Amino acid sequence: MTRSDLGAYLRARRARVTPAEAGLPSVGHRRVPGLRREEVALLAGVSVDYYVRLEQGRERTPSAQVIDALTAALRLDDDGREHLFRLAGLSPRARVAAVPDRVDPSLLQLMAAWPDNPAIVYNRAYDVLASNAIADALFHDWAHSRNLMHVVFTDPAARTFYRDWHEVARNSVAGFRLGYGKAPHDPRIRRVLAELLDQSPEFAELWAHHDARGKALERKRFDHHDVGALTLTMQTFDVRSSPGQELVVYHAEPASESSQALALLGSLAATARQAT
């Protein structure tokens, strides 16, 4: 991580905050989107010159107090705040070990016991390390890739499969950015990043926004070629036995059309297993 990363993040964030959101009057013609540098400096209680040096990478020792003030001025959420502190070199960072590719056998057994709930485990690079049978069926047996970022950005069918593709794309990049911030030198993350920047203009555009946000409770709408429309809620959990791995579990509202479609998908998955 370089000081240019800190400056780029600050510039991207102030471009996303309007004067009205910051409680400032908006008068006259504005040449920049979002807040001006002097407005951020005012809100954070620092001099304009100091803030300019931060954006330009010439100020190398911002205090935690300054970063906290910038967090408030730029209206960052908890994930964004953590990311800003890390970029400023203020987050305590232990040596980040590579995320193991092996998934705990007891977790695999648990996932297999959920015939009606698609479940996957992935790493910081969004490589799917494990999936149960119904998740394989949901994601078309990973025919395009077992990397979720590649599924979203390089599979032409993704824009049909994900009915809210633009929202999924934004959230995926924000989560990937958070993982990259935690392990910027991880060779697998850097390789996936380079591939996406080269192959997907949409990814490159979203990456430039510098959103950093972890996954939380979400609803996703799918259009599956075997069972049709599905609306599923997803829950994300850190795998404490293997730091850097995350477990995602999907479920449908009971007695809903999506629940019926998910049951059909599970039946198809079971039939496919018996046929092999």
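Located above this text is the structure these notes cover.
About the thresholds
Residues numbered from 1 in each chain as written. Predicted model: local features only at pLDDT ≥ 70, side-chain atom pairs only at ≥ 80, totals over all residues. Heavy atoms only, no water. Axes fitted to C-alpha atoms, helices over the stretch in contact; angles between N-to-C directions. Helix = DSSP H or I, 4+ residues; strand = E, 2+ residues; numbered from the N terminus. Parallel < 35°, antiparallel > 145°, perpendicular 65-115°, else oblique. Left-handed = near helix turned anticlockwise from the far one by under 90°. Contact = heavy atoms within 4.5 Å. Nonpolar A, V, L, I, M, F, W, Y, C, P; charged D, E, K, R; others polar. 1 Å grid on protein atoms, 1.4 Å probe; cavity = no way out; pocket = protein on both sides within 12 Å on 5 of 7 lines; lining within 4 Å. Points joined across faces, edges and corners; volume = space filled by probe spheres on them.

Caption draft 1: View of the packing of helix H2 (residues 37-44) against helix H3 (residues 48-56). For the pair H2 and H3, interaxial distance at closest approach is 9 Å and the crossing angle is 115°. Relative to H3, the element H2 is oriented roughly perpendicular. H3 is crossed by H2, and the crossing has right-handed handedness. The residues of H3 that touch H2, namely those facing Arg 37, Glu 38, Val 40 and Ala 41, are Val 48, Tyr 51, Val 52, Glu 55 and Gln 56. Its residues placed into classes, the contact of H2 with H3 shows 5 nonpolar, 1 polar and 3 charged.

Caption draft 2: Representation of the packing of helix H4 (residues 64-73) against helix H5 (residues 78-87). H5 packs onto H4 with a crossing angle of 145° between their chain directions and a minimal axis gap of 10 Å. Between H4 and H5 lies a crossing of right-handed hand. Facing H4, whose interface residues are Ala 64, Ile 67, Asp 68, Leu 70 and Thr 71, H5 presents Arg 81, Leu 84 and Phe 85. Across the contact of H4 with H5, the residue classes break down as 5 nonpolar, 1 polar and 2 charged.

Caption draft 3: How the structure looks around empty space enclosed by the protein. In this structure the tally under the stated criterion is 2 cavities of 30 Å³ or more. What lines the largest cavity is a set of 13 residues, and nearest its centre among them are Leu 148, Tyr 162, Lys 215, Lys 220 and Tyr 250. Only strand S1 (119-122), helix H8 (148-154) and strand S5 (246-251) provide two or more residues apiece to the lining of the largest cavity. Residues belonging to the lining of the largest cavity are distributed by class as follows: 10 nonpolar, 1 polar and 2 charged.

On their own, these measurements won't tell you what the molecule is for.
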